[in-house]
Amino acid sequence: MKLSLSSFFIILIFAITCISKNSYSDTLVNFKDLKFHSDFEREVFNNFQRDSVYNYFKLYLSIDKDVTTESYKNYLWIFNQKLKKLHSKNLNHAKPKKQIKTVYNTIHDQLDKYDESALFSDIFETEIYQCVTSSMLYSFYLEQLEIPYSIEFIPSHVYLTAYPETEQIQLQTTNPNNGIIIYNQQFKANFINHLRDNKIISSDEYNNKSIDALFQEYYLQSKRITKKELAGALYYNLGLKYLEKTDFENAYYTFQKSQFLFPSEQAGFFMFISLAALMDKTSVAESIYANYLNTYIKLSKNLLNTDLITGLFTNMTYKQLHTNGNIRQYELSYEKVIEGISDTTLIQEIAFIYHSEMGNVMMQRQIFSMALDHYQESLKLKENNFSIQNSLIAAIISQMNSYRGKTNELVEFQTRLNQSVDSFPSLLNNSQIVDLKFEIALDLMKYYFQEKDIKQAIEQQNSFELLAENHERQFSSHIEENIESAYSAAAVFYYKNNQYTNAKTVVKKGLQYCPGNYRLIQRLNVLK
């Protein structure tokens with residue numbers, strides 16, 4: 001499995017790794033996030049999710065986007081013809097070394113030319129192979145012949161070991177040293193540094209071993225893998241080819257499938273690189289950008305830069321919400337970005353931006369109740385934010401103005417305003433909010449006295465008087481007019497019901513709040 005790293009590739013790795021302090025081997029890829037390049041591949045992966053017995057022959061072929069069910073059947077027929085030839089050699093009673101030599105010689109005739117880009121299907125179409133695909137092929141023959149084997153993996157090579165617990169016969173289908181480009185020293189250093197930062201490598205190891213020795217141990221170390229992981233290794237190899245061609249979209253989705261099948265430090269690392277490059281090429285106006293940003297956050301892990309992420313989210317906000325005016329798309333994007341994110345600080349920062357900007361848009365569209373909802377959510381996150389406080393107050397005043405003369409709506413609005421004040425007591429430091437509460441209570445007090453609903457009227461009167469007691473101040477002329485109107489309505493109610501003492505008392509009470517009010521003084525003179 002040849003790894004050829006172009007200069008662009010090295011620069012990209014250097015740029016990202018220099019700021020990376022993450023461990024990617026435990027990065028999980030959800031099945032629902034996978035993107036398939038063919039119906040055949042989708043069917044194979046769906047079967048892997050559903051079934052307990054796996055068809056690895058199909059899985060290995062599905063990596064080729066051109067493979068169909070018909071071509072799969074054809075390749076399987078070719079395989080079985082060669083298997084019949086092997087069975088005819090009666091290997092059951094042969095010694096292990098002879099068995100493996102016979103298998104190797106029989107099958108290697110089917111392998112004509114080595115090509116690092118070869119897929120499993122190429123063996124059957126053109127007899128072109130590479131170490132991963134030839135190891136796949138040999139594994140099927142060994143399995144059918146009931147010969148035990150293990151799959152040995154390093155990032156630059158794959159081979160099989162037959163009779164791993166006894167004879168340990170290596171089945172090298174290619175020479176791992178032919179055609180492999182030496183890794184750039186900067187790449188090695190960056191990779192080892194990010195392992196050290198994550199405490200995967202101890203300070204002792206780092207100080208006492210060379211970069212080359214550590215790279216050999218941690219990057220190039222051999223490990224036994226499963227047949228499922230072998231498929232991940234081929235996806236990994238294909239992802240590198242896409243990355244070299246700067247086809248970041250295909251690289252990203254290919255590394256995703258590699259990581260899904262074979263979670264590893266390397267696949268997760270290159271998935272992150274591909275994603276960063278892909279995001280740079282994708283317009284923030286596209287719906288898929290939110291998916292990329294969500295994955296980017298999850299991959300960032302220890303490095304999570306809140307300012308960077310909120311900056312990216314803000315860019316998306318202005319394009320989707322303000323420039324394009326697509327509220328529904330923006331709502332879905334927000335939900336996608338925060339999906340499955342565990343960092344509460346980051347979620348709060350993103351939520352603050354979302355609710356603040358949604359509040360602004362709702363204000364522009366004069367949907368004041370929704371603006372109130374969003375501003376209140378913002379203020380829950382940052383209660384002392386002066387700008388959001390002012391926006392919330394503006395929304396409250398705007399909604400109040402739209403409810404003037406609509407008693408039912410005004411009652412509902414009073415309840416909501418009281419809830420807002422209970423949630424954010426600092427709102428009462430704003431004179432406009434206090435005046436609103438005065439005005440609403442007085443308007444409703446007047447209405448209920450006129451409607452002869454004494455219980456509700458007195459409740460509103462008490463509400464105003466308690467508020468006035470807690471906020472002693474000089475009333476504005478507008479509020480004084482409301483006081484005169486409300487207390488006059490109360491006096492009229494009591495007078496018509498022959499409650500003259502109550503009528504005098506309520507007028508005198510009104511004069512306490514606005515002494516010298518001409519109309520209230522007149523009413524009091526009439527009642528004497």
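Residues numbered from 1 in each chain as written. Predicted model: local features only at pLDDT ≥ 70, side-chain atom pairs only at ≥ 80, totals over all residues. Heavy atoms only, no water.

What follows concerns the overall build of the protein. Within the protein one finds 25 helices and 6 strands. For a compact globule of 528 residues, the expected C-alpha radius of gyration is about 24 Å, and the protein comes in at 37 Å, more than 25% above that figure. Considering only C-alpha atoms, the protein reaches an extent of 125 × 55 × 40 Å along its principal axes. By residue count, 52% of the 528 residues in the protein fall in the buried class. Counted over contacts in the protein with a minimum sequence separation of 6, partners at least 24 positions apart contribute 62%. Surface exposure of the protein reaches about 25,400 Å², of which carbon and sulfur atoms provide 46%. A distance of 2 Å separates the average location of the 53 positive side-chain charges in the protein from that of its 58 negative side-chain charges. (Helix = DSSP H or I, 4+ residues; strand = E, 2+ residues; numbered from the N terminus. Rg over C-alpha atoms; globule rule 2.2 N^0.38 Å. Buried < 20%, exposed > 50% of the residue type's maximum accessible area, 1.4 Å probe, protein only. Contact = heavy atoms within 4.5 Å. Areas by Shrake-Rupley, 256 points an atom, 1.4 Å probe, with all protein chains shown as cover. Lys, Arg positive; Asp, Glu negative; His and termini not counted. Charge placed at Lys NZ, Arg CZ, Asp CG, Glu CD.)

All right, on to the sheet that holds strand β3 (residues 149-154) then. As summarised here, the arrangement of the 4 strands in space is β5-β4-β3-β6, forming an open sheet in which the pairing is antiparallel. Edge positions in the sheet fall to β5 (169-171) and β6 (223-225), since each of these pairs with one other strand and no more. In this sheet, adjacent strand axes meet at a mean angle of 40° when their direction is disregarded. When β3 meets β6, the two strands line up antiparallel, connected through 3 bridges. Bridge pairing links F153 to K223 in β6. Running at roughly 5° to β5, helix α5 (residues 96-108) makes contact with β4 (157-162) and β5 of the sheet. Contacts from helix α7 (residues 131-144) reach β3, β4 and β5 within the one sheet, and its direction differs from that of β4 by about 20°. (Pairing = 2+ DSSP bridges. Axes fitted to C-alpha atoms, helices over the stretch in contact; angles between N-to-C directions.)

Once that is clear, we can look at the environment of M370. Here M370 shows up in helix α18 (residues 368-381). Classification of M370 by relative accessible area gives partly exposed; the value is 33%. For the pair formed by M370 and N360, sequence separation is 10 residues and the distance between their alpha carbons is 10.0 Å.

Let us look at the packing of aromatic side chains. Inspection of every chain in the model, using the stated rule, returns 48 aromatic pairs. The interplanar angle of 45° and the centroid separation of 6.3 Å between the aromatic rings of Y56 and Y60 together place this pair among those described as tilted. Taken together, the residues span about one helical turn, with Y56 and Y60 both in helix α3 (residues 56-62) at a distance of 4 residues. The buried category is assigned to Y60, whose relative accessible area is 0%. Over the ring of F352 we find K382, and its NZ or CZ is 4.5 Å from the ring centre. (Phe/Tyr/Trp six-rings, centres within 6.5 Å; stacked < 30°, edge-to-face > 60°. Lys NZ or Arg CZ within 6 Å of the ring centre and 35° of its normal.)

So, on to the nonpolar core. In terms of nonpolar packing, the biggest core is built from 165 residues, with F120, F313, F464 and Y487 touching the most fellow members. Counting residues per element, this core draws most heavily on helix α21 (residues 431-450), which supplies 11 residues. Apart from the residues within four sequence positions on either side, F464 is in contact with F438, A441, L442, F475, I483, Y487 and Y513. (Core = buried A, V, L, I, M, F, W, Y, C linked by side-chain atoms within 4.5 Å.)

Comment: phi is negative for the bulk of residues other than glycine, and the bulk of peptide bonds are trans. Residues other than glycine seldom take positive phi values, yet E127 does so here, at roughly 60°. Within the fold, E127 resides in the loop between α6 (120-125) and β2 (128-129). For E127, a relative accessible area of 32% puts it in the partly exposed group.

Note that side chains of opposite charge can pair when their charged atoms are close. Scanning the entire structure with this criterion turns up 20 salt bridges. Linking K35 and E249 is a salt bridge whose minimum nitrogen-to-oxygen distance equals 3.1 Å. With K35 in the loop between α1 (7-17) and α2 (39-50) and E249 in helix α12 (residues 248-261), this residue pair connects regions lying 214 residues apart in the sequence. Classification of K35 by relative accessible area gives partly exposed; the value is 42%. (Salt bridge = Lys/Arg side-chain N within 4 Å of Asp/Glu carboxyl O.)

Over its 19 residues, helix α4 (residues 69-87) extends 27 Å from the first C-alpha to the last, a length consistent with the 27 Å expected when each residue adds 1.5 Å. Those residues of α4 that sit buried are S71, Y72, Y75, F79, K82, L83 and L86. Down the axis, α4 shows its buried residues gathered within 120° of arc, on one side only. Residues of α4 that are exposed and point more than 90 degrees away from the buried face comprise E70, W77 and K84. (Expected span 1.5 Å × (residues − 1). Arc of directions from axis to C-beta.)

The subject of this paragraph is the confidence of the model for the protein. Overall, the predicted model of the protein reaches an average pLDDT of 86, with 90% of residues at or above 70. Here residues 1-22 scores under 50 on pLDDT; set against residues more than four positions off or in separate chains, the count is 71 contacts. Throughout residues 175-182 the model reports pLDDT below 50, and contacts reaching past four residues in sequence, or to other chains, amount to 6 contacts. (pLDDT = per-residue confidence, 0-100.)

Quick look at the packing of helix α11 (residues 227-244) against helix α13 (residues 265-281) now. For the pair α11 and α13, the least separation of the axes is 11 Å and the interaxial angle reads 30°. Here α11 is positioned roughly parallel relative to α13, judged by the angle of their axes. Considering how the two elements wind past one another, α11 and α13 form a crossing that is left-handed. In this structure, α11 uses Y236, L240 and L243 to contact α13, whose residues at the interface are Q266, A267, F270, I273 and S274. (Parallel < 35°, antiparallel > 145°, perpendicular 65-115°, else oblique. Left-handed = near helix turned anticlockwise from the far one by under 90°.)

Between its terminal C-alpha atoms α7 stretches 20 Å, which fits the 20 Å expected from 14 residues at 1.5 Å a residue. Of all 14 residues in α7, 12 are buried; the element is thus mostly enclosed. Along α7, the residues that are buried comprise C131, V132, T133, S134, S135, M136, L137, Y138, S139, F140, Y141 and L142. N-cap assignment for α7: the residue whose side-chain oxygen lies 3.0 Å from the backbone N of V132 is Q130. Downstream of α7 by a residue or two, E146 has a phi angle that is positive, lying close to 60°. (Polar contact = N/O pair within 3.5 Å; in protein donor to acceptor, adjacent residues only side chain to side chain.)

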